[in-house]
Structures are given as C-alpha cells and as structure tokens.
Amino acid sequence: MRWKEQLLTLTPYQPGKSIDSVKRQYNLDQIVKLASNENPFGCSKKVLSALQSHEVGFAIYPDGYATNLRESLAAFLRVEQEELIFGNGSDNLIQIISRALLHPDASTVMAAPTFSQYKHNAVIEGAVIKEVPLVNGDHDLDGMLQAIDEKTNIVWLCSPNNPTGTYIPENNLVSFLDSVPPEVLVVLDEAYFEYAVAVDYYDSIVLTRKYQNLIVLRTFSKIYGLASLRIGYGVANPKIIAALEPAREPFNVSSFGQLAAVAALSDKEFVEECQMVNRKGLEQYYQFCEQNQLTYYPSQTNFILIDFNEDGDKVFQYLLERGYIVRSGKALGFPTSVRITVGSFEQNEGLLKVLKEFLRESRVEQHQGK
Ligand SMILES: *Cc1c(COP(=O)(O)O)cnc(C)c1O
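Looking at an unreviewed UniProt entry, the protein carries the name Histidinol-phosphate aminotransferase, with the source organism given as Bacillus salipaludis. Per UniProt, the protein carries the Pathway (unreviewed entry) text "Amino-acid biosynthesis; L-histidine biosynthesis; L-histidine from 5-phospho-alpha-D-ribose 1-diphosphate: step 7/9." For the record of the protein, the UniProt heading Subunit (unreviewed entry) holds the text "Homodimer."

Next up, the structure:
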C-alpha cells in the first residue's frame, strides 16, 4: 500500500478514558469523568422530549441541507441561512476546511498549544505547519501575523483556547483581523463561546459580516450537552460557505442530531443556568489554587488548567485510582499541569478533596527529600 507518507507519522486521537474501562480496571463503583469538557448536567429536557415524541425513520437518510435546524439557527443567530454550514461536530468542519484549502504547497498558521485537530488535519493534507507559541497562555497575534507568508491559506484561532481557557480580547482580535491579508481564511473556533463572560469578549457573528475572510465555528457538544450526537456549525459570509459546501459529505449530520439541536436552541434558560453554575464551579477551583499556591489560567470555559509543578501524568494517575478521570497536561503541551472539566458542585468538592490529599502526600515526600 502506498499510504500518504504523512499519515504514518500520526497516531489516532487519544480520547479521555471511558468510565467503564476505568471502573473495571480499578474496581471502583463510582467514576466521575471530568476529562472532555462535557456538560455535567447533560442536556435540556426539551431535547429529551423532542427526541421521544418525534418519529425518525431509521431507513431514511437525514436531511442533507438540515432545513429545520438551518431555519432555527439562522433565526437564533440573526443571520441568513446561506451564512451557515453544518458539521458532524465542529471536528468535521475543521476537516472540511482543511480539505478545501490545504495541500503540500500551502502553509497554515496556528498557536501552540491549542486544539489538536488543526494540526492533525493539516498534517494529513501535507501542508506546511507554522506553530506560534502562546505567550502566558494567550495567542501571540503579532507572532502569528508575522508567520503568515504568501502560501498561507488558513490561520486558526481558538478563543477561548483549549487547553488554557484564555480568550482573545476584542481589541486584539479586531486589529489582528484588520491586518490579515484578505485571501487568508481566519478560522475562529468558539467551542466554548456560551461559557464566556468577559466584558471585552467580542461578537464574532458581527465580525463575520465585517471580515469576508472569517469563519466562526461553534458546537452543540459543550454547553448544550449533545456531544454524542455530533452537531457543529460554521458561520461565515455566503461566498465562503458556498466554496466549502462541495467538500462536505452530503449527509454529515444525523436526523437525531438535527432534531436535538433545534430543541436545544429553544431552551435559553438551560444554557444560562449552566453558564452561571459553571462560573461558581470555577470559583471553587480558583479558591483551591490560591489556598495552595498553584498557578492556573483564568478560564472563560468549563475547564481549568492547573499547574502542579509535578509530572501531570502522576496527578492524573492519582486521581484516576480514586475515581476521577481528568486530562493530563502532558499530551496537551503542559507537562506539569492537568486539565479539569468543571463538574457539579459536589463533583468539584469530591475531586478537590482528593487533590488536597495528593498535595499533602507529595509535600511530605518532598520534605523527606524523596
Ligand atoms: C471540543 C472542541 C471541539 C470539537 O467539538 P465537536 O463539535 O464535538 O467536534 C472543537 N474545538 C475545540 C476547541 C474544542 O474544545
């Protein structure tokens, strides 16, 4: 077989550990998974009743144009239907965009560390990858501008950024967009948009009207609690959408996914409640970090990256054996940190109790010079 050479350099995506496998391995009754930034409160009840009361014909292909969802979302965002594209999760949109614009003669610019799929897809397409290190957890927008060359086809921005939780303030984003050459597509991944509360957080939809080279990606996987149904969307001017559409698989969003997303949009209270409870949860972690002199990035998301000054895998393993699945920072570019998804109040309390014990033990060890 003559596989694409670059494919041989890649490993498949390593998802957070599954609850069942951890239960079996460590013989635990209860597992709390705070590893993949899923919503600890599930999804809106309106979604559950919509899925129960509708009959979806399993033998029938889904609506390839996602007509109902498109109408609902266009009204919800106050955009035209032609300004929307749907994906099997926003992961799928990252793939579609990469497929449409990247090739061995093109380059692409992204931050590092950031969401892994920009690079993964760029590698598959054989593009030249230019990674610009974060500065104090933030995108180095000047550095990214300088990295753009005549072959650059895509610049990726992740705001709020995964895994740091930090966002790009409006002024910085706007002056960046003013400086990017118009033939370069700027992808603004806003998977955590609904969790962001900063006062200088921008209105990205308005920006897609002003900047003809901007596409915004959002998802129903995070605050809407529909990760298993795989629904993401992109917002951009109709010319960008029309150019991308041929690279999209015809039936990429399932019938259940479309139904669920429409119902999810109708429950604003659920989203507002989740956002509010999430802020309180973050406060639990902030307080813990301050009490224990641990550094962290202030987060606009539903996760927090905490630096333990210890091998991240060790912290991860300690928590795992006590029933908490988090993400070691090692694979995320922060080898002494772990990334923790904010859970319910009780889940956070439980996890923090274990972490306190971890710190106590490791400080005793350090004291003993181990
Ligand atoms: C979770 C996440 C995604 C992927 O979301 P899906 O819609 O489930 O594919 C995309 N970007 C970032 C930054 C994420 O954290």
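Back to the write-up after that little detour.
A. Quick look at the site of the ligand. Around the ligand lies a shell of 13 residues, among which Ser90, Asp189, Thr219, Ser221 and Lys222 are the nearest. Here an oxygen atom of the ligand and a backbone polar atom of serine 90 are 2.6 Å apart. Within the contact set of the ligand, an oxygen atom lies 2.6 Å away from a side-chain nitrogen or oxygen of serine 221. For the ligand, the accessible surface in isolation is 390 Å², of which the surrounding protein chains cover 93%. Residues that form the shell around the ligand fall into these classes: 4 nonpolar, 5 polar and 4 charged.

B. Focus on the packing of aromatic side chains. Counting across every chain of the model gives 14 aromatic pairs. Geometrically, the ring pair formed by phenylalanine 58 and phenylalanine 256 is tilted, given 6.0 Å between the ring centres and 55° between the ring planes. Here the residue phenylalanine 58 occupies a position in the loop between α2 (45-53) and α3 (67-77), and phenylalanine 256 occupies one in helix α10 (residues 255-265), the gap between them amounting to 198 residues. Arranged with centres 6.2 Å apart and planes meeting at 70°, the rings of tyrosine 297 and phenylalanine 334 form a pair that is edge-to-face. Of the two residues, tyrosine 297 is situated in the loop between β9 (295-296) and β10 (303-307) and phenylalanine 334 in the loop between β12 (327-328) and β13 (337-341); the sequence distance between them amounts to 37 residues. An aromatic cluster is defined as three or more aromatic residues linked by ring pairs; in this entry it consists of Tyr167, Phe193, Tyr201 and Tyr202. Here arginine 70 stacks its cationic end above the ring of tyrosine 65, 3.9 Å away from the centre of that ring. For arginine 339, the ring lying beneath its charged end belongs to phenylalanine 303, and the centroid distance is 5.6 Å.

C. Looking closely at the pattern of salt bridges. With the rule as written, the count across this model stands at 14 salt bridges. Taking the shortest distance from any N to any O, the salt bridge between lysine 151 and aspartate 105 comes out at 3.3 Å. A residue pair is termed long-range when its members are at least 10 positions apart, and lysine 151 in the loop between α6 (141-147) and β5 (152-158) and aspartate 105 in the loop between α4 (90-101) and β3 (107-112) qualify at 46 residues. Of the charged contacts in the structure, one is a salt bridge between glutamate 321 and arginine 322, with a shortest N-O distance of 4.0 Å. Here the salt bridges do not stand alone but share partners, grouping Glu310, Lys314 and Glu365 into one network.

D. A look at helix α13 (residues 345-367). Its 23 residues place the ends of α13 32 Å apart at the C-alpha level, agreeing with the 33 Å of an ideal helix rising 1.5 Å per residue. Of all the residues in α13, the buried ones are Asn348, Gly350, Leu351, Leu352, Val354, Leu355, Phe358, Leu359 and Ser362. In this fold, the buried residues of α13 make contact with α11 (268-291), α12 (312-321), β11 (324-325) and β13.

The rules we used
- Residues numbered from 1 in each chain as written.
- Predicted model: local features only at pLDDT ≥ 70, side-chain atom pairs only at ≥ 80, totals over all residues.
- Heavy atoms only, no water.
- UniProt positions renumbered as here; feature names shortened; annotations may be inferred.
- Near = heavy atom within 4 Å.
- Polar contact = N/O pair within 3.5 Å; in protein donor to acceptor, adjacent residues only side chain to side chain.
- Areas by Shrake-Rupley, 256 points an atom, 1.4 Å probe, with all protein chains shown as cover.
- Nonpolar A, V, L, I, M, F, W, Y, C, P; charged D, E, K, R; others polar.
- Phe/Tyr/Trp six-rings, centres within 6.5 Å; stacked < 30°, edge-to-face > 60°.
- Helix = DSSP H or I, 4+ residues; strand = E, 2+ residues; numbered from the N terminus.
- Lys NZ or Arg CZ within 6 Å of the ring centre and 35° of its normal.
- Salt bridge = Lys/Arg side-chain N within 4 Å of Asp/Glu carboxyl O.
- Expected span 1.5 Å × (residues − 1).
- Buried < 20%, exposed > 50% of the residue type's maximum accessible area, 1.4 Å probe, protein only.
- Contact = heavy atoms within 4.5 Å.

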